[in-house]
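Single-letter residue listing:
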Amino acid sequence: MGAGAARIGWAALFAAGLAFPLLARNDYHLTVMSTAYIFALATLGLNLIVGYTGQFNLAHSGFMAVGAYTVGILTVDHQVPFWIAFALSGVFATVLGFFVGIVSLRLKGHFFSIFTMSVGYIMFLVIEKWDGLTHGPVGIIGIPVPSPIGPLRFETPLSLYYLVFAVLVVGVWLMHRITRSLLGRSFMAIRNSDALAESIGINLMRTKLLAFMLSVFYAGMAGGLYAGFVRFLGPGLAGVETTFDMTVSMLVGGLGTLLGPLVGAIMMPWLAQYLQFLQEYRFIVFGPILILLVIFVPHGIVGSFLAWRVRRVAAQRAPAGGDRHA
């Protein structure tokens, strides 16, 4: 019954995504939701390494910027077709993630986080200072929209919305397959205890590295999609603030769940729209909110709901079990 309810829930979410343009008041709302979907895709990747594997990567936004700039540089400076550049955005981010992971994953806990924060800052500096490649602080403008696929063209906010939605659906499905597989169980075993995971035959370094590469692959693909959607790029995308926003989304929705990052990543942009007057004080505002969430709702919206459902099922079974024992 639980699996059936889950399928119904996912089907309802899919139907809501399809129907959203009918409810949107204008193209601006479509743009906000499409941007939320793109960052939800990147947040899914961050959740894989943080929520499922227990490694807090603070360079995640840097890898998203790598994917975005891959598309921007290849399409604008070298006239590479969009979809080839888009495919390479995930490849380049993953290759870079391999080399970063080889070094960083030898560290644990806050040492790993500090190292990746330094790597992320280096990415930001490279993007900002390497004018010949990245166009420096001016950024890249005039990125072409995604090329047509047969009769499908992506030149309007509505068509771009459905394109982004389709990519997110595929990303969620793939992440579901990963987290429910033996590999996903290995990730969670490492999150719970390195020593325990190693004792049951899991190769720690290889498994952590694979999780890291899959995580940054999602970031790179989200970045490539972001470049084609927004059509201009600046170094700010690689800033640690972007990773912070994704982290807040994970914590709001539920760390280590599949649905949680989606809920958080979709909620936060809309919340930001209604709090634009506080944009300059975002860290002052969201910092205390983050602390309160960690203290009072440590499992997030989805995680708390799942925990409540488990307690409810246990409470319903307890009397029956007691009667049989009597």
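Each value, and the rule that gives it
Residue numbering note: each chain is counted from 1, following its sequence as written. Only residues with pLDDT of 70 or above have their local features reported here, since the model is predicted, and side-chain atom pairs are shown and tallied only from 80 upward, although totals for entire chains, interfaces and linings are computed over all residues. Each side-chain value is worked out from all heavy atoms of the structure, with water and hydrogens disregarded. Two rings from Phe, Tyr or Trp (for Trp, the six-membered ring) form a pair when their centres sit within 6.5 Å of each other. Planes less than 30 degrees apart are called stacked, planes more than 60 degrees apart edge-to-face, and all others tilted. Residue burial is assigned from relative accessible area. The probe radius is 1.4 Å, only protein chains are included, and a residue is buried under 20% of its type maximum, exposed over 50%, and partly exposed in between. The rule for a salt bridge is simple: a side-chain nitrogen of Lys or Arg has to be within 4 Å of a carboxyl oxygen of Asp or Glu. Labels follow the DSSP assignment, with helices taken as runs of H or I lasting at least four residues and strands as runs of E lasting at least two, numbered in each case from the N terminus. Here a helix's expected span is defined as the number of its residues, less one, multiplied by 1.5 Å. What makes a patch is a set of residues exposed beyond 30% relative accessible area and free of salt bridges, joined within 9 Å when like-charged and within 5 Å when nonpolar (Val, Leu, Ile, Met, Phe, Trp, Tyr). Where accessible areas are quoted, they stem from the Shrake-Rupley method and a 1.4 Å probe; at the residue level, only the protein chains shown are allowed to cover. Comment: axis = line fitted to C-alpha atoms, over the contacting stretch for helices; angle = value between 0 and 180 degrees taken between N-to-C directions. Any angle from 65 to 115 degrees is called roughly perpendicular, while one under 35 is roughly parallel, one over 145 is roughly antiparallel, and all others are oblique. When checking whether two residues touch, look at their non-hydrogen atoms; a contact exists if any pair is within 4.5 Å. Residue type decides the class: Asp, Glu, Lys and Arg count as charged, Ala, Val, Leu, Ile, Met, Phe, Trp, Tyr, Cys and Pro as nonpolar, and the leftover types, Gly among them, as polar.

### Considering the packing of aromatic side chains
Right, so step 1: Going through the model one piece at a time under the given rule, you end up with 16 aromatic pairs.
Right, so step 2: Between Phe98 and Phe99, the ring centres sit 5.3 Å apart and the planes meet at 80°, which makes this aromatic pair edge-to-face.
Right, so step 3: Relative to Tyr162, the ring of Tyr161 lies with its centre 5.2 Å away and its plane at 80°, an arrangement referred to as edge-to-face.
Right, so step 4: Given the relative accessible area of 0%, Tyr161 is considered buried.
Right, so step 5: By way of ring pairs, the aromatic residues Phe14, Phe20, Tyr37, Tyr161, Tyr162 and Phe165 are connected into one cluster.

### Some details on the pattern of salt bridges
A pair can form between side chains of opposite charge whenever their charged atoms are brought close.
Right, so step 1: All told, the structure shown has four salt bridges when counted by the stated rule.
Right, so step 2: Of the charged contacts, one joins Lys208 and Asp194 as a salt bridge, the two residues approaching to 3.1 Å between their closest N and O atoms. Of the two residues, Lys208 is situated in helix α10 (residues 204–230) and Asp194 in helix α9 (residues 194–199); the sequence distance between them amounts to 14 residues. You'll find Lys208 and Asp194 in the same group, each marked buried.
Right, so step 3: One continuous salt-bridge network, built from bridges that share partners, spans Lys108, Asp194 and Lys208.

### Structural notes on helix α12 (residues 259–274)
Right, so step 1: With 16 residues, α12 should cover 22 Å at 1.5 Å per step; its first-to-last C-alpha distance of 24 Å lies within 8% of that length.
Right, so step 2: Among the residues of α12, those classed as buried are Gly260, Pro261, Leu262, Gly264, Ala265, Met268 and Trp270.

### Points about a nonpolar patch on the surface
Right, so step 1: A cluster of nonpolar side chains, Ile291, Leu292, Val294, Ile295, Phe296 and Val297, forms an exposed patch at the surface whose accessible area comes to about 590 Å².
Right, so step 2: Here Ile295 is to be found in helix α13 (residues 282–296).

### Re the packing of helix α8 (residues 182–192) against α10
Right, so step 1: It is the contact of α8 with α10, at a shortest axis distance of 10 Å, that shows an interaxial angle of 110°. Taken together, the axis directions place α8 and α10 in an arrangement best described as roughly perpendicular. Where α8 abuts α10, its residues Leu183, Ser186, Phe187 and Ile190 lie against Leu204, Thr207, Lys208, Leu210, Ala211 and Leu214.
Right, so step 2: A breakdown of the residues in the contact of α8 with α10 according to their chemical character gives seven nonpolar, two polar and one charged.

### Some thoughts on the packing of helix α2 (residues 27–52) against α8
Right, so step 1: Axis separation between α2 and α8 bottoms out at 8 Å; the angle between their running directions is 50°. With respect to α8, the element α2 is oriented oblique. Between α2, through Leu48, Gly51 and Tyr52, and α8, the contact on the second element is made entirely by Phe187, Met188 and Arg191.
Right, so step 2: Broken down by class, the residue content of the contact of α2 with α8 amounts to four nonpolar, one polar and one charged.

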